[in-house]
Amino acid sequence: MSAILFELTMSVGLFLISLFLVLRLRKIQLTLHGPSKWTQSLSWVSYAVIGLMLVELLVEQGRAIPWLWYGFLLLLLGLVYGRQEFAPARPAIWAVLPLVLVSLLGDFLALLQPDLYVAWKMNLEMAQGFAVVWLIGMAVLLNRQHKALEKERVARRQEEEQQRALTQRKAELEEEVAERTRQLTRQKEELQQALAELKATQTQLVQLEKLASLGELTAGIAHEIQNPLNFVNNFSEVSGELLVELQEEMQNGQPLPVLVSDLLTDLAQNLQKIQQHGRRADGIVKNMLQHSRSNAGEKQPTDLNALADEYLHLAYHGLRARDNSFNSTLTTHLDPSLPKVAVIPQDLGRVLLNLFNNAFYATREKQKTAGPDFRPEVKVSTCHKNGMVEVRVRDNGNGIPQPVREKMFQPFYTTKPAGQGTGLGLSLTYDIITKGHSGEVEVDTREGEYAEFLVRLPVYE
Amino acid sequence: MEKMQVLVVDDEEDVRPLFEQRFRREIRAGELQFTFALSGEEALDYLHQHPQEVVLILSDINMPGMSGLELLRRIRQEYASVPPAIMMITAYSDEENYQQAMQYGANDFLTKPVDFGYLKQKLKEIRV
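Residues numbered from 1 in each chain as written. Chains lettered and ligands numbered in written order. Predicted model: local features only at pLDDT ≥ 70, side-chain atom pairs only at ≥ 80, totals over all residues. Heavy atoms only, no water.

Caption draft 1: Region of the structure containing the interface of chain A and chain B. On the side of chain B, 27 residues touch chain A, which itself brings 30 residues to the contact. Between chain A and chain B, the buried area comes to about 2,500 Å², and carbon and sulfur atoms account for 43% of it. On the chain A side of the contact with chain B, Asn234(A), Arg320(A) and Asn324(A) bury the most area, a combined 22% of that side's loss. At the surface where chain A touches chain B, the tally comes to eight salt bridges. In this structure, Glu241(A) and Arg22(B) form a salt bridge, with 3.1 Å as the shortest nitrogen-oxygen distance. Among the elements of the structure, helix H5 (114–251), helix H6 (257–292), helix H7 (304–322) and strand E2 (329–334) of chain A are those that each provide at least two residues to the side of chain A that touches chain B. The biggest single contributor to the side of chain A that touches chain B is H5(A), with twelve residues. Across the side of chain A that touches chain B, the residue classes break down as nine nonpolar, 13 polar and eight charged. (Contact = heavy atoms within 4.5 Å. Buried area = accessible area lost by both parts, 1.4 Å probe. Salt bridge = Lys/Arg side-chain N within 4 Å of Asp/Glu carboxyl O. Helix = DSSP H or I, 4+ residues; strand = E, 2+ residues; numbered from the N terminus. Nonpolar A, V, L, I, M, F, W, Y, C, P; charged D, E, K, R; others polar.)

Here you go:
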């Protein structure tokens, strides 16, 4: 009885092993490739295995059945080692192999050498016991391994997830940074453009200031030229009359020598005056051309007295042309022995013009409120002192208050009402004298009484 | 016929030879006598030194120091009516100057370059 039980146990064991292995193979297939014809076939095989077991239970004496199992197991072994995809099942094979081998050995002996079988039965059973222990041990080990693998896999997946999240976050941040950078770059470009526009505007304003001063000159110049031209015309005309008279006198019988001599003298004088006034007009035109030419001028030895005198009258007539109720006494104390200075004439002319215009403006402003006894006066003086040539422009206007004094050389600073001054005159003056000509500019003033601008320039050696 | 005393006020010196030549016949004939002043102040001094002599004053407007209009005003303060007749001669022919001159009591307003024919005509009229 125990033999049959024992054999039954063996069969059941083999059945279980087979079933287990088949199901394992199926699972592997499933995870690897999803449902396929393999999984289907393996399902059928598992049913067959169950079927076979049932048959064996019903039919008691099936001694051949264990051999079926062995054969089947051999097939499975072949499958597992033959196909790479079933490789994960190999540890399972190792787990069951000792038990299968022991029972196989037992069955072999039982079949071929029964005596030996009986003699070794105890050993075989012990071996079987060990094999079972091995099986259980392996099962536990494999399970643990599997669990560990699973845990590892889970951990790895989590890590992958984290990594992905990080990468995504990094990409988002980079996008934000890029966006920010774009914004900043755009702002930078806008600012640069604004700066460029401001610089262009500043250049324009400086140019306008120059043009404005040229415009002021034009009225003065027109008047200045008109005078000599009138004389040229008039003296030419009157010379014509004198010639007619002379001719008449010569044609009558007895020309009076005194009269003839007078006429000739006058004619000679007239021609001289025509020449003189012609040259005067010519000089004015030349000056005007010089002033309008571009700034890159060369320094030339210049007589400051002549320059100051000329521009004083130009400024005066220019202002009178615009405001004919304006007048002022012009006083000049020009040192006749003044040495020449190396200057760019049109630049210095601009400086003098600016100083004179400011002086006239100051006296004009005072005139508006000062009453009829106020005599506006602008005085220009030159002298040679300490190796420098000094030009002083003094007006008896309202003087310069302290806060204005501090700012008046700054560009765009003006005390004139809006639209009347660019605020660049003194700034340009300061630049021309100090930076362009290594000179100095000083101011002396008393509020309500006077203002005096002093320009010092090195003597031309 | 009495000599007509004319005072010419202009800061340009060459005005003198010009007038003297332009009016040489009249001067030779004893019809006109010209005096020349180079500034408004000089003109006023002369007028004060020779009261009642000058019959006509020809004055430029744009002069340094006292302007011609200022001179006109002052003379008209002392002599409200002709004599002396006062004519302004100026390069600036704008309306404002003209209005002011008339307001201050000028008798005429001539623009440079002077039309001497017209001037001679005017002188004849004054004489009469």
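Caption draft 2: Expanded view of empty space enclosed by the protein. The full count for this structure, using the stated rule, is three cavities of 30 Å³ or more. Lining the largest cavity are 18 residues, and of these Asp10(B), Val15(B), Phe19(B), Lys112(B) and Val114(B) lie nearest its centre. Elements supplying a minimum of two residues to the lining of the largest cavity: H5 of chain A together with strand E1 (4–9), helix H1 (15–22) and strand E3 (56–60) of chain B. The element contributing the most residues to the lining of the largest cavity is H5(A), with four residues. Across the lining of the largest cavity, the residue classes break down as eleven nonpolar, four polar and three charged. (1 Å grid on protein atoms, 1.4 Å probe; cavity = no way out; pocket = protein on both sides within 12 Å on 5 of 7 lines; lining within 4 Å. Points joined across faces, edges and corners; volume = space filled by probe spheres on them.)

Caption draft 3: Focus on the sheet that holds strand E2 (residues 32–37) of chain B. Residues and elements named next belong to chain B. Within the open sheet, the five strands sit side by side as E2-E1-E3-E4-E5. Their pairing is parallel. What marks the edges here is a single partner per strand, and that holds for E2 and strand E5 (108–111). If you compare each strand with its neighbour and ignore which way they point, the axes differ by 20° on average. Note that E1 and E3 share four bridges and pair parallel. From the neighbouring strand, Val-9 faces E3, where its bridge partner is Ser-59. Packing against the sheet, helix H3 (residues 40–49) makes contact with E1, E2 and E3, and its axis sits at approximately 155° to E1. (Pairing = 2+ DSSP bridges. Axes fitted to C-alpha atoms, helices over the stretch in contact; angles between N-to-C directions.)

Caption draft 4: Structural detail: unusual backbone geometry. Pro113(B) follows Lys112(B) through a cis peptide bond whose omega is 0°. Mapping Pro113(B) onto the fold places it in the loop between E5 and helix H6 (116–127). In the Ramachandran plot, Asn386(A) falls in the positive-phi region, its phi being about 55° despite a non-glycine side chain. Position of Asn386(A) relative to the elements: it lies in the loop between strand E4 (377–385) and strand E5 (388–395). Overall, Asn386(A) belongs to the exposed group, its relative accessible area being 71%. Even without glycine at this site, Ser438(A) takes up a positive phi of about 50°. With respect to the helices and strands, Ser438(A) occurs in the loop between helix H10 (425–437) and strand E6 (440–446). (Buried < 20%, exposed > 50% of the residue type's maximum accessible area, 1.4 Å probe, protein only.)

Caption draft 5: Examining the pairing of strand E4 (residues 85–90) of chain B more closely. Residues and elements named next belong to chain B. Within E4, six of the six residues are buried, which leaves it mostly tucked inside the rest of the structure. Burial along E4 is two-sided: the face carrying Ala-85, Met-87 and Ile-89 and the face carrying Ile-86, Met-88 and Thr-90 are both buried. Inspection of the sheet shows E3 paired to E4 by five bridges, in the parallel sense. Residue pairing across strands places Leu-56 opposite Ala-85, the latter belonging to E4. Pairing geometry for E4 and E5, over four bridges, is parallel. Along E5, the bridge assignment pairs Met-87 with Asp-108.

Caption draft 6: Quick peek at the sheet that holds strand E7 (residues 450–458) of chain A. Residue and element names in this part refer to chain A. Taken together, five strands build an open sheet; the order of strands is E2-E4-E5-E7-E6 and the sheet is mixed. With one partner strand each, in any of the chains shown, E2 and E6 form the two edges of the open sheet. In this sheet, adjacent strand axes meet at a mean angle of 15° when their direction is disregarded. With eight bridges connecting them, E4 and E5 associate as antiparallel partners. Within E5, the position partnered with Ser-381 by the bridge is Arg-392. Running over the sheet, H7 touches E2, E4, E5 and E7 and is turned about 175° from E2. Where H10 meets the sheet, it contacts E6 and E7, and its direction lies at approximately 25° from that of E7.

Caption draft 7: Seen up close, the packing of aromatic side chains. Within the structure shown, the criterion is met by twelve aromatic pairs over all chains. Consider the rings of Trp44(A) and Tyr47(A), whose centres lie 5.8 Å apart with planes at 85°: the pair is edge-to-face. Pair noted here: Trp44(A) and Tyr47(A) are both in helix H2 (residues 37–58), with a separation of three residues, about one helical turn. We note that Trp44(A), like Tyr47(A), is exposed. For the ring pair Phe19(B) and Phe116(B), a centre distance of 5.4 Å and an interplane angle of 70° mean the geometry is edge-to-face. Here the residue Phe19(B) occupies a position in helix H1, and Phe116(B) occupies one in helix H6, the gap between them amounting to 97 residues. Exposure class is identical for Phe19(B) and Phe116(B). Each is buried. In textbook terms, an aromatic cluster arises when at least three aromatic residues are bridged by ring pairs, as seen for Phe19(B), Phe23(B), Phe34(B), Phe36(B) and Phe116(B). (Phe/Tyr/Trp six-rings, centres within 6.5 Å; stacked < 30°, edge-to-face > 60°.)

Caption draft 8: Geometry of the pattern of salt bridges. Residue and element names in this part refer to chain A. Per the stated rule, a full pass over the model turns up 33 salt bridges over all chains. Two residues, Arg-456 and Glu-440, come together in a salt bridge whose shortest N-O distance is 2.5 Å. With Arg-456 in strand E7 and Glu-440 in strand E6, this residue pair connects regions lying 16 residues apart in the sequence. The partly exposed category is assigned to Glu-440, whose relative accessible area is 34%.

Caption draft 9: Summary view of the nonpolar core. Residue and element names in this part refer to chain A. Residues Leu-304, Phe-356, Phe-360 and Leu-457 are the most contacted members of the largest nonpolar core, which totals 43 residues. Take this core: its biggest share by element is nine residues, from H7. Dropping the residues within four chain positions of it, Leu-304 is found in contact with Leu-338, Val-341, Leu-348, Val-389, Val-391 and Leu-457. (Core = buried A, V, L, I, M, F, W, Y, C linked by side-chain atoms within 4.5 Å.)

Caption draft 10: The confidence of the model for chain A, seen in detail. Put simply, chain A has an average pLDDT of 85, and 94% of its residues get 70 or more. Confidence, read as mean pLDDT per element, is least for helix H1 (residues 2–33) of chain A in chain A (75) and greatest for E7(A) (95). (pLDDT = per-residue confidence, 0-100.)

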